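Residues per chain, in single letters:
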Amino acid sequence: MTKSDGGRPISAATPVSRRNLLRAAGLGGIAAASAPLLAACGSSAGGTSSGSAGTGGASVSELLSILGISKSGTAGGMSMPLGAVLPLTGPGSYYGTVQGNGLKLAVAHIRAAGGPDFQLNFQDNQSGNAQAGVNAVRQLGSAGVQACLSSYVGDIGAMFPGIAQYKMLTLDGGGGTSDFGQDKPYFWGMKAIEPDDYYMGAVKYWQAKDPNVKRVYLVALDQGRINAIVRANFVKALSTAGMTLAGFEATPIGTNDFSTTISHLKAASPDAVFIFLTGLDSGYFMKDFVAAGLSLPVIGAEYTTDALKVSDGAYNHFMFSTDWFDPTKQVNPLSRYFVKAYVKEYGQQPDYYAANYYEDTLAMWDLVRRVKAKGGDPNNGTNLQNALIAMPVFKSIYGGDSTTVGTLALNLKTHSVASRPLAVCKCVGAKVIEVATYQLGGADFKLI
Amino acid sequence: MTFSSVLQLSVDGIINGSQYALYGAGFALILGVTGRFHYAYALVFTVCGYVVSVLQSSAGGAFPLLAAAGLAAAVLTGVACEAGIYRPLARRSGQLSLLTVFVAALGVTIAGVNLIVLLFGGQSRTMGSTASQVNHLAGVSFTTLELGSVLIAWVLIGALAALLRFTQFGRMVRAVRVNPDMAAIIGVGIERIYLWVFAIGSLLTGAGAIIYGLRFAVTPDMGTVPVVFAFVVAFLGGTRNSPLVAGLAGLLLGLVQSLSGIWLSSQWSALVVFTVLFVYLCLKPASLHSFVARLRGPQPTRPARAE
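No experiment lies behind these values; they were computed from the predicted model shown.

### As for the overall build of chain A
Here's step 1: When you go through chain A residue by residue, the secondary structure sums to 14 helices and 15 strands.
Here's step 2: Looking at chain A as a whole, 59% of its 448 residues qualify as buried.
Here's step 3: Counting only contacts in chain A whose residues sit at least 6 apart along the sequence, the fraction spanning at least 24 positions is 67%.
Here's step 4: As displayed, chain A offers around 16000 Å² of accessible surface, 54% of which is attributable to carbon and sulfur atoms.

Here it is in structure tokens:
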């Protein structure tokens, strides 16, 4: 009887030897095992997710002058591993690219300025995959990494136990501490608490510009048990302006079809909508929102050019309230220096994530210098954290003025920023226009 | 929830369900005829999307030509999977070929997607025109693109069903699906049929990918969810039935998923899909038939008519 190739079992099947079975399974295993190798070599347009960057032609003596560092105080002559757990793949890969760009530029500047040679160890958190975060911190810890920059609030908390176990000082300029990452050992948020710190910007804006807004619908990414905290804090923020929650919906990260959410939203008849969605999700939401014929005011907690692309023009109806770095409106010398170098190196304007990771890497360098100045071992997370606690203030790209660099101060209790310039912006095509500025807690709210 | 909301959810369910139908029809054809668990469907899906998107941004040109290139790439990738990976592995694995082919397909998909990331980066890409007209009819809204996607999906499923039903080639495919041994005996080239089935299935996959890229975006992981839906729909519709049955299963799945939004938040939509599959597997038609028979109780036998 003729035999088929085994795709369908046939009456006279070829006996399978153990060797053949192992060989076949091995082929598949090799294919699967090669994937991490390829991922580690991954590169992306506009920057590399691994490897190194140039200095963008920036003058390192200028950097030293801006930061007030003497040539002898750069903590040079040493090599130190620096972990970077970023969303290199998945729906948030945009963040990984721009965060990596800022980080690599800072590492290049530090090296060129005579500082330590930070050996970057990139790990992929796969845009919020908990297991990926656990694996990442384990890899870094096993490799002896004691300093790390993370994202997604330590991969939505998955990294916290490992960070504490390995005593790895971790700065998160991507997600900050959010509600659930505050006061965690060795973990510090380097941006405003997302989304809570952004609520007040939206609330105050509506209060000032649209007093008819009384009932607000909240759409947020699904963070499991954190959802209740997000919702409760939003209700609290609304109550300061006499507003109430019209409804709440949590959507999984990576959602691209918001038809059900929009139907629930329409049924609730709110006056306005606040969305806390990351990656491409907010672009998809706005696309479905506008396609459904809705014209309610929408303010979000994130803005990325990736989401703008997928929104199909719907971002013209979108505003956002967040940390905001406008590369075209440079305030302090460090931010001007950073933007010039970034544009030269990557051929595009930096966004605030690139800015965050640039200044966070400089902050790590600051800690290394402090530890070394006292004769300690900088490649020690506890030493680094002690240096941070002793003086939780760093030079910042944000704030300041034309002659003074801004400062970033950390709250020792919450492990989050103690102050941060925030803004409410609107989108007009590909342009972003600031319409209001404010500080944490909605303080100093000013319409522009 | 108002009637118009329910109507909107129904329309959304039809739109999404039609895409699931397209995914499932192609997957069911491949699985039903060849027995291969073609997880690399996700890779074929992604390759097609990237070919169209990359060609559009680098070379430009009329969209139909770009789509044709994407479909050609999908067909080539699918056929290459069968000829270069599945067939040699299956020959060596015999009765365990389902497992080894699945493992190989999984590995190929992971490696292939990461290669795409290596070459083009992890960021999203758009495809096609940036604006789609929104239409409002009887209180529901849908875009021209969504309407077109429904029509295209069902035209392709219908064409596949007609091909299998009314052509000699279709008879050969069905013969192989039913009994490959007998088909081989009567002179049907099994290996050639498998290649054709992969080509046709990949063509449907590519069409689904282009629609997906136009509706959403082209990303390295764009095939991950469609392959799951393809698998679920293929199981629900049956891999040995007409593509129209698989299509109907996909449509029903889309409607159930969407209408569940009347009671459930969208965060549970994945749960709904797998609950449907779970319930179906527990109450498969054979089980259902015997369950109904037991409910009816013993039926009196009719006496034979006297001649």
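Next comes the rest of the description.
### Let's talk about the overall build of chain B
Here's step 1: In terms of helices and strands, chain B carries twelve helices and two strands.
Here's step 2: The order of α-helices and β-strands along chain B, N terminus first, is α-α-α-α-β-β-α-α-α-α-α-α-α-α.
Here's step 3: Its C-alpha atoms give chain B a radius of gyration of 21 Å, near enough to 19 Å, the size a compact globule of 307 residues would have.
Here's step 4: In terms of its C-alpha atoms, chain B occupies a principal-axis envelope of roughly 80 × 55 × 35 Å.
Here's step 5: When the accessible surface of chain B is totalled, it reaches about 13800 Å², and 70% of it is carbon and sulfur.
Here's step 6: Computed over 17 positive and 7 negative side-chain charges, the inter-centroid distance for chain B is 7 Å.

### So, the sheet that holds strand β5 (residues 187-189) of chain A
Residues and elements named next belong to chain A.
Here's step 1: The strand order across the open sheet built from five strands is β2-β1-β3-β4-β5, with neighbouring strands paired in parallel fashion. Since the sheet does not close on itself, it has two edges, and those belong to β2 (117-124) and β5, each with one partner. Taking each pair of neighbouring strands and ignoring which way they run, the sheet shows an average axis angle of 25°.
Here's step 2: With four bridges connecting them, strand β3 (residues 147-150) and strand β4 (residues 169-172) associate as parallel partners. The partner of L149 across the bridge, within β4, is L171.
Here's step 3: Along the sheet face, helix α4 (residues 130-142) touches β1 (79-86), β2 and β3 and points at about 150° away from the line of β2.
Here's step 4: Strands in contact with helix α14 (residues 381-390) are β1, β3, β4 and β5; relative to β4, the strand with the most contacts, it is inclined by about 55°.

### What about the nonpolar core?
Here's step 1: One finds W206, F274, F285, F338, Y358 and W365 of chain A to be the most contacted residues of the largest nonpolar core, which totals 217 residues.
Here's step 2: With five residues, the next largest nonpolar core counts V11, I15, F142 and V150 of chain B among its residues.

### Some words on the packing of aromatic side chains
What characterises a pair of aromatic rings is the spacing of the ring centres plus the angle enclosed by the ring planes.
All names here are of chain A.
Here's step 1: One pass over the structure, following the stated rule, counts 40 aromatic pairs over all chains.
Here's step 2: Taken together, a centroid distance of 6.1 Å and an interplanar angle of 80° make the contact between Y303 and W324 edge-to-face. Of this pair, Y303 sits in the loop between β9 (298-300) and α11 (305-310) while W324 sits in the loop between β10 (318-323) and α12 (333-346), and the two are 21 residues apart along the sequence. W324 carries the same exposure label as Y303, and that label is buried.
Here's step 3: For the ring pair W324 and Y352, a centre distance of 6.1 Å and an interplane angle of 65° mean the geometry is edge-to-face. Of this pair, W324 sits in the loop between β10 and α12 while Y352 sits in helix α13 (residues 352-373), placing them 28 residues apart in sequence. Residue W324 shares its accessibility class with Y352, and that shared class is buried.
Here's step 4: Looking at R369, its charged tip hangs above the ring of W365, at a distance of 4.7 Å from the centre.
Here's step 5: The ring of Y398 carries R420 above its face, with NZ or CZ at 4.0 Å from the centroid.

### Considering the pairing of strand β1 (residues 134-137) of chain B
Residue and element names in this part refer to chain B.
Here's step 1: Examined bridge by bridge, β1 and strand β2 (residues 140-143) share four bridges and lie antiparallel to one another. Note that in β2 the partner of N135 across the bridge is F142.
Here's step 2: Hairpin connection from β1 to β2: two residues lie between these consecutive antiparallel strands, with A138 at a positive phi of about 55°.

### A closer look at empty space enclosed by the protein
Residue and element names in this part refer to chain A.
Here's step 1: As enumerated under the stated definition, the model contains four cavities of 30 Å³ or more in all.
Here's step 2: Put simply, the largest cavity is a space of about 200 Å³.
Here's step 3: Of all the elements in the fold, those that place two or more residues in the lining of the largest cavity are α3 (93-112) and α5 (152-156).
Here's step 4: A class-by-class count of the residues in the lining of the largest cavity yields nine nonpolar, seven polar and two charged.

### Considerations on the confidence of the model for chain B
Here's step 1: Chain-level statistics for chain B give a pLDDT mean of 89 and a share of 91% at 70 or above.
Here's step 2: For this predicted complex, the interface confidence comes out at an ipTM of 0.80, alongside a pTM of 0.82.

### Topic: the environment of S65 of chain A
Residue and element names in this part refer to chain A.
Here's step 1: Locating S65 in the fold gives a position in helix α2 (residues 60-67).
Here's step 2: Note on S65: relative accessible area 56%, which makes it exposed.
Here's step 3: Spatially, the C-alpha atoms of S65 and E345 are 21 Å apart, while their sequence positions differ by 280 residues.

### Overview of the environment of F318 of chain A
Residues and elements named next belong to chain A.
Here's step 1: Within the fold, F318 resides in strand β10.
Here's step 2: The exposure class assigned to F318 is buried, which follows from its relative accessible area of 1%.
Here's step 3: Separated by 36 residues in sequence, F318 and S282 have C-alpha atoms that sit 9.5 Å apart.
Here's step 4: Sequence-distant contacts of F318, that is, excluding residues within four places in its chain, are made with I275, M286, V298, I299, G300, E302, K426 and C427.

### Re the environment of Y438 of chain A
Residues and elements named next belong to chain A.
Here's step 1: Positionally, Y438 belongs in strand β14 (residues 431-438).
Here's step 2: Distance in space between the C-alpha atoms of Y438 and S59 is 33 Å, their sequence separation being 379 residues.
Here's step 3: A polar contact of 2.4 Å, which involves the side chain of Y438, links it to the side chain of S321.

### Focus: the sheet that holds strand β15 (residues 446-447) of chain A
Residue and element names in this part refer to chain A.
Here's step 1: The strand order β7-β6-β8-β9-β10-β13-β14-β15 describes an open sheet built from eight strands, whose pairing is mixed. The outermost strands of the open sheet, each flanked by one partner alone, are β7 (244-251) and β15.
Here's step 2: Pairing geometry for strand β13 (residues 422-428) and β14, over seven bridges, is antiparallel. Bridge pairing in β14 places C427 opposite V432.
Here's step 3: On the sheet, helix α8 (residues 227-239) packs against β6 (215-221), β7 and β8 (272-276) and is oriented at approximately 155° with respect to β7.
Here's step 4: Strand contacts of helix α9 (residues 259-268): β6, β7 and β8, with the helix running at about 165° to β6, the strand carrying the most contacts.

Quick notes on the rules
Residues numbered from 1 in each chain as written. Chains lettered and ligands numbered in written order. Predicted model: local features only at pLDDT ≥ 70, side-chain atom pairs only at ≥ 80, totals over all residues. Heavy atoms only, no water. Helix = DSSP H or I, 4+ residues; strand = E, 2+ residues; numbered from the N terminus. Buried < 20%, exposed > 50% of the residue type's maximum accessible area, 1.4 Å probe, protein only. Contact = heavy atoms within 4.5 Å. Areas by Shrake-Rupley, 256 points an atom, 1.4 Å probe, with all protein chains shown as cover. Rg over C-alpha atoms; globule rule 2.2 N^0.38 Å. Lys, Arg positive; Asp, Glu negative; His and termini not counted. Charge placed at Lys NZ, Arg CZ, Asp CG, Glu CD. Pairing = 2+ DSSP bridges. Axes fitted to C-alpha atoms, helices over the stretch in contact; angles between N-to-C directions. Core = buried A, V, L, I, M, F, W, Y, C linked by side-chain atoms within 4.5 Å. Phe/Tyr/Trp six-rings, centres within 6.5 Å; stacked < 30°, edge-to-face > 60°. Lys NZ or Arg CZ within 6 Å of the ring centre and 35° of its normal. 1 Å grid on protein atoms, 1.4 Å probe; cavity = no way out; pocket = protein on both sides within 12 Å on 5 of 7 lines; lining within 4 Å. Points joined across faces, edges and corners; volume = space filled by probe spheres on them. Nonpolar A, V, L, I, M, F, W, Y, C, P; charged D, E, K, R; others polar. pLDDT = per-residue confidence, 0-100. Polar contact = N/O pair within 3.5 Å; in protein donor to acceptor, adjacent residues only side chain to side chain.

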